[in-house]
Amino acid sequence: MATVEREYSALVYQTVTGRVLYDLDLLAEPDWSALLNEAGGWKVAVPLDGGNGPRTARVREWCVPDRHSVAVLRGDFVCQAGPITPYQPDSETTDFTVSGKGIWDILDRRVLHNAAWNPATQRLTDPAADITINGTLPYIAREIVNHQINMSYIAGSNLPIDLPTISPGSGNTRTYHGYDQAYGGARLRELTQVDQGPDVFFQPYLTTVGGQRYIRHRLLIGSPYLVQPGVDLRFFYRRTLTKFDIAGGLKPGAVRSFVKGAGQDAGQLYGTATASGLIAAGWPLTDDVDSSHADASVQSTLDSWATANVALSSSQSEQWQATVLADADPQLGTYAPGHFAAYSATDHHWLPDGEYRWRVIGISRTSTTPRDRVDHQLQAVRAG
């Protein structure tokens, strides 16, 4: 059956409700990226017709950062969706470029506290603002988002996010104090970075209710990976797989990791882990020092971050990106970041013939990507 190429489009919607407001006239195919455990982003270009023109007036109406969002679609599949962030009209052209991020960006700018905290009667330093969650790491991830979008006494917290049903389970405890004034998106990302931390991805989709279109986001949480049902995705070189980009040594490796926590000087808390097997095999001692968890005070959590960091830093140093056809099987929209894929290479200038299995940790399109293709960012550690 012949492949039918789908067209790109873009919609403007209300960030808080998801209600679609406008269809956009695009000047070119949009840029977008959907990334595992990150916000990702998008960029679109639309035409203006002068300061007094109707097109420009309409753009000024919808181009309102945070209040409005943009969804990028290929056919009916929503590639990326989230709030408008920067824009800058160009006095030399009527081409108007607008950029934004995925919905995670809102959580990256929202302080995490108990959803039942009432600022009218309690200070943020009150224990009522604290959150203690017991359960599996996937359940803790769900509850972080739940507290972020379902606040009882604070307007504007709701977002069009579908929470998954996850059994609480046991084995982990996380306490988040309101007085830390830490952003919920950062806490969620930190949870994904511990050893065996869960994958997290907000999957946007288009739905219709009562004749009105809405953009919503499914919160997908792995245990720890987001694994597709059935067999791996399969792509074949010079057929559905059109290009392999491979680069080595882009990120310095490390066989030992230190993660700095709370404290200073001789009272500094830290976690550490070492890839002893690599040292025994002849690798020199090199270190990675992570200072991004300066308020952490639980030793097991610090050690877990160190274990995860050294596993990544000491892994294969090559960075892989695959370019695949978007509308040939497996089609874009039938898989998501976090899924596993097998890439079959034959007569490649660098790779021996064979099949290479990796995790897809990002899917994107840039201005240099042909319109019928998308790029896969692949995990540096070969999966499986």
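Further up the page is the structure itself.
If you're wondering where the values come from, they're calculated on a predicted model, not measured in any experiment. (Residues numbered from 1 in each chain as written. Predicted model: local features only at pLDDT ≥ 70, side-chain atom pairs only at ≥ 80, totals over all residues. Heavy atoms only, no water.)

J.: Is there a simple way to explain the packing of aromatic side chains in this structure?
T.: Working definition: an aromatic ring pair is given by the centre-to-centre distance plus the angle between the planes. Applying the stated criterion across every chain yields a total of 10 aromatic pairs. Considering the side-chain rings of Tyr225 and Phe340, the 5.8 Å spacing of their centres and the 70° angle between planes classify their relative orientation as edge-to-face. Here Tyr225, found in the loop between strand 12 (212-221) and strand 13 (233-236), pairs with Phe340, found in strand 19 (residues 340-345); they are 115 residues apart in sequence, far enough to count as distant. A relative accessible area of 41% means that Tyr225 is categorised as partly exposed. Taking the relative accessible area as the measure of exposure, Phe340 reaches 6% and is therefore buried. Members of the aromatic cluster, joined through ring pairs, are Phe235, Phe244, Trp320, Tyr335, Tyr343, Tyr356 and Trp358. (Phe/Tyr/Trp six-rings, centres within 6.5 Å; stacked < 30°, edge-to-face > 60°. Helix = DSSP H or I, 4+ residues; strand = E, 2+ residues; numbered from the N terminus. Buried < 20%, exposed > 50% of the residue type's maximum accessible area, 1.4 Å probe, protein only.)

J.: Would you mind showing me how to read empty space enclosed by the protein here?
T.: Empty space left among the atoms is revealed by rolling a probe the size of a water molecule over them. Tallied over the full model, the rule gives two cavities of 30 Å³ or more. For the largest cavity, the calculated volume is near 70 Å³. Together, 13 residues line the largest cavity, and Glu38, Ala39, Gln80, Phe201 and Phe202 are the ones closest to its centre. Elements represented by at least two residues in the lining of the largest cavity include exactly strand 3 (31-35), strand 6 (77-87) and strand 11 (200-209). The biggest single contributor to the lining of the largest cavity is strand 11, with three residues. (1 Å grid on protein atoms, 1.4 Å probe; cavity = no way out; pocket = protein on both sides within 12 Å on 5 of 7 lines; lining within 4 Å. Points joined across faces, edges and corners; volume = space filled by probe spheres on them.)

J.: Would you explain the nonpolar core in this entry?
T.: If you look at the biggest cluster of nonpolar residues, it comprises 46 residues, and the most contacted ones within it are Trp32, Trp62, Val70, Phe244, Leu332, Tyr343 and Val374. No other element matches strand 20 (residues 354-365), which puts four residues into this core. The contact partners of Leu332, leaving out residues within four places of it in the chain, are Arg6, Trp32, Arg74, Phe77, Cys79, Ala326, Ile363 and Val374. (Core = buried A, V, L, I, M, F, W, Y, C linked by side-chain atoms within 4.5 Å. Contact = heavy atoms within 4.5 Å.)

J.: Could you clarify how one ought to interpret the environment of Ser9 in this entry?
T.: Note on placement: Ser9 falls in strand 1 (residues 8-14). Look past the residues within four positions of Ser9 in its chain and what remains in contact with it is Leu26, Ala71, Val72 and Leu73.

J.: I tried to follow the sheet that holds strand 11 on my own but got confused; where do I start?
T.: Consider a sheet: its strands pair through backbone hydrogen bonds, and that pairing is either parallel or antiparallel. Across the sheet, three strands lie side by side as 9-12-11; this open sheet has mixed pairing. Each of the sheet's edge strands pairs with one partner strand only, and the pair in question is strand 9 (161-162) and strand 11. Note that strand 11 and strand 12 share 10 bridges and pair antiparallel. Bridged to Thr208 within strand 12 is Arg213. Those strands touched by helix 3 (residues 137-149) are strand 9, strand 11 and strand 12, and its axis lies near 145° from that of strand 12. (Pairing = 2+ DSSP bridges. Axes fitted to C-alpha atoms, helices over the stretch in contact; angles between N-to-C directions.)

J.: Can you walk me through helix 4 (residues 184-193) in this structure?
T.: By the criterion of burial, helix 4 is predominantly enclosed, with eight of the 10 residues buried. Among the residues of helix 4, those classed as buried are Gly184, Gly185, Arg187, Leu188, Arg189, Glu190, Leu191 and Thr192.

J.: Can you walk me through the pattern of salt bridges in this structure?
T.: Should their charged atoms come close, side chains of opposite charge can pair. One pass over the structure, following the stated rule, counts 21 salt bridges. Across the pair Glu355 and Arg234 runs a salt bridge, and its minimum N-O distance is 2.6 Å. Here Glu355, found in strand 20, pairs with Arg234, found in strand 13; they are 121 residues apart in sequence, far enough to count as distant. A residue is classified by how much of its surface remains accessible, and Arg234, at 40% relative accessible area, is partly exposed. Asp245 is paired through a salt bridge with Lys243; the nearest N and O atoms lie 3.8 Å apart. Shared partners join several salt bridges into a network, and the residues in it are Asp180, Arg187, Glu190 and Asp295. (Salt bridge = Lys/Arg side-chain N within 4 Å of Asp/Glu carboxyl O.)

J.: Which parts of the structure should I look at to understand the pairing of strand 12?
T.: Regular strands show a simple pattern: their side chains alternate between the two faces of the sheet. The pairing of strand 9 with strand 12 spans two bridges and is parallel. Bridged to Ile161 within strand 12 is His217.

J.: When you look at the side chain of Arg6 in this model, what are you seeing that I'm missing?
T.: With respect to the secondary-structure elements, Arg6 resides in the segment before strand 1. Within the structure, Arg6 has its side chain in polar contact with the backbone oxygen of Ala326 (distance 3.3 Å). Of the polar contacts made by the side chain of Arg6, one reaches the backbone oxygen of Leu332; its length is 3.0 Å. In contact with Arg6, other than residues within four places in its own chain, are Arg74, Gly75, Phe77, Ala326, Asp327, Gln331, Leu332 and Arg371. (Polar contact = N/O pair within 3.5 Å; in protein donor to acceptor, adjacent residues only side chain to side chain.)

J.: I would appreciate a short explanation of the layout of surface pockets in the present structure.
T.: Its volume calculated, the second largest pocket comes out at about 390 Å³. Taken together, 17 residues form the lining of the second largest pocket, with Thr175, Asp295, Ala296, Ser297 and Val298 sitting closest to its centre. Looking at the lining of the second largest pocket, the element that brings in the most residues is strand 10 (residues 172-176), giving four residues.

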